[in-house]
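Residue-level structural notes
Here is how the chains run, residue by residue.
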Amino acid sequence: MVKIGIVGAGNVGATAALYAAQKELGDIALIDVVDGIPQGKGLDMMEAGPVLGYDSAIEGSNDFAALEDAALVVVTAGLARKPGMDRLDLLKKNAEIITSVTENIVKYAPDSQILMVSNPLDVMTYIALKVSGFGRKRVYGQAGVLDCARYRSFVAMELGVSMEDTQAIILGGHGDTMVPIPRYTTVSGIPITELLPREAIDRIVQRTRDGGAEIVNYLKTGSAYYAPAASVVQMVESVLKGKNRVLPASVMLQGEYGLRDVCVGVPVKLGSAGIEEVIELALSDDERAALHASASVYQESLDELGI
């Protein structure tokens, strides 16, 4: 079987490992710096195999050498903000973590692709791209798939239709600056602009922007992981099976949408080589301005880090 590396055995990483095993996408190396956590979770998932019906092996380790020969490495490692830590402190610390993780990926899995999940997503994707030298086809970030999943679920709940019949595209960064495009949001091909009034669409868009915070507010001491992990695995499956799914991903832009040298979410064709194609949509002036405003937020963060 092909090997999938997952760095970070917290809720997102471990749940992604379980989903990937259930789909038998490959054997999994689950890496974490905390002794015992990846080993225990990996063994627990292996013991679920006879019941859930999969034969994927899950190896938990504290040693990055377990990534050797991985075809794709998912990075979920990073810190959450702690009391007394400002945004820039958190940004610098996570930049250090992602730099170290990326150096280990290059050392042990030099032919792999990197799927970034750690936040701030678009900034960490950029750092992994620069540190690895892998090129934009092989380094990309997961955010838009998750944002679209939330958007689609809210549309389905509002209309009382099957979630399977909804499709959406969200551009821009992962967070407050995301750019949902209602005219590209459909139910069985019907734009939601023909199914919902403007005020309902605006309400759904705002709930999508607040999607992560809404769950944090409920959980109090944690954040979402089922939908993020499912979104990771959709991207992993598209790569490892060469499905060429058209999905939103954070990718280094090289002139597309009038942007350059910044990672931000846009629709891509995701296949066996990674980013097979960046798809450039025709945007209105307002949509393009919103995308550029979103990208500028991440450019400012890179400037603060001196990158």
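Residues numbered from 1 in each chain as written. Predicted model: local features only at pLDDT ≥ 70, side-chain atom pairs only at ≥ 80, totals over all residues. Heavy atoms only, no water.

1. Let's talk about the packing of helix α1 (residues 11–22) against helix α2 (residues 37–52)
Packing of α1 against α2 brings their axes to within 11 Å, and their N-to-C directions diverge by 30 degrees. Classed by the angle they form, the pair α1 and α2 counts as roughly parallel. Crossing of α1 against α2: the hand is right-handed. Between α1, through Asn11, Ala14, Ala17, Leu18 and Gln22, and α2, the contact on the second element is made entirely by Lys41, Met45 and Leu52. (Axes fitted to C-alpha atoms, helices over the stretch in contact; angles between N-to-C directions. Helix = DSSP H or I, 4+ residues; strand = E, 2+ residues; numbered from the N terminus. Parallel < 35°, antiparallel > 145°, perpendicular 65-115°, else oblique. Left-handed = near helix turned anticlockwise from the far one by under 90°. Contact = heavy atoms within 4.5 Å.)

2. Comments concerning the pairing of strand β12 (residues 245–254)
Here β12 lies mainly inside the structure; seven of its ten residues are buried. Across ten bridges, β12 lies against strand β13 (residues 260–271) in antiparallel orientation. Bridge assignment links Met252 to a residue of β13, and that residue is Cys263. Linking β12 back to β13 in an antiparallel pair, the connection comprises five residues, with Gly255 at a positive phi of about 110 degrees. (Buried < 20%, exposed > 50% of the residue type's maximum accessible area, 1.4 Å probe, protein only. Pairing = 2+ DSSP bridges.)

3. Side note on a nonpolar patch on the surface
A cluster of nonpolar side chains, contributed by Val33, Val34 and Ile37, occupies part of the molecular surface with about 270 Å² of accessible area. Using a relative accessible area of 44% as the deciding quantity, one classes Val34 as partly exposed. (Patch = residues over 30% accessible without salt bridge, like charges linked within 9 Å, V, L, I, M, F, W, Y side chains within 5 Å. Areas by Shrake-Rupley, 256 points an atom, 1.4 Å probe, with all protein chains shown as cover. Salt bridge = Lys/Arg side-chain N within 4 Å of Asp/Glu carboxyl O.)

4. Details of the pairing of strand β2 (residues 27–31)
The two faces of a sheet get side chains in turn, since along a regular strand they alternate between them. Where burial is concerned, most of β2 is hidden: four out of the five residues are buried. Between strand β1 (residues 3–7) and its parallel partner β2, the chain crosses via α1, and the hand of that crossover is right-handed. Here four bridges tie β2 to strand β3 (residues 58–61), and the two strands are oriented parallel to one another. Counterpart to Leu30 in the pairing with β3 is Gly60. (Right-handed = clockwise from strand over helix to strand, strands pointing away.)

5. Thoughts on the pattern of salt bridges
What the rule picks out here adds up to ten salt bridges. As a salt-bridge pair, Lys93 and Glu96 come within 3.8 Å of each other at their nearest N and O atoms. You can see Lys93 and its partner Glu96 sitting in helix α3 (residues 87–108), three residues apart, about one turn around the helix. When the shortest N-O distance is used, the salt bridge between Arg183 and Glu287 registers 2.8 Å.

Read these as geometric descriptors, not functional statements.
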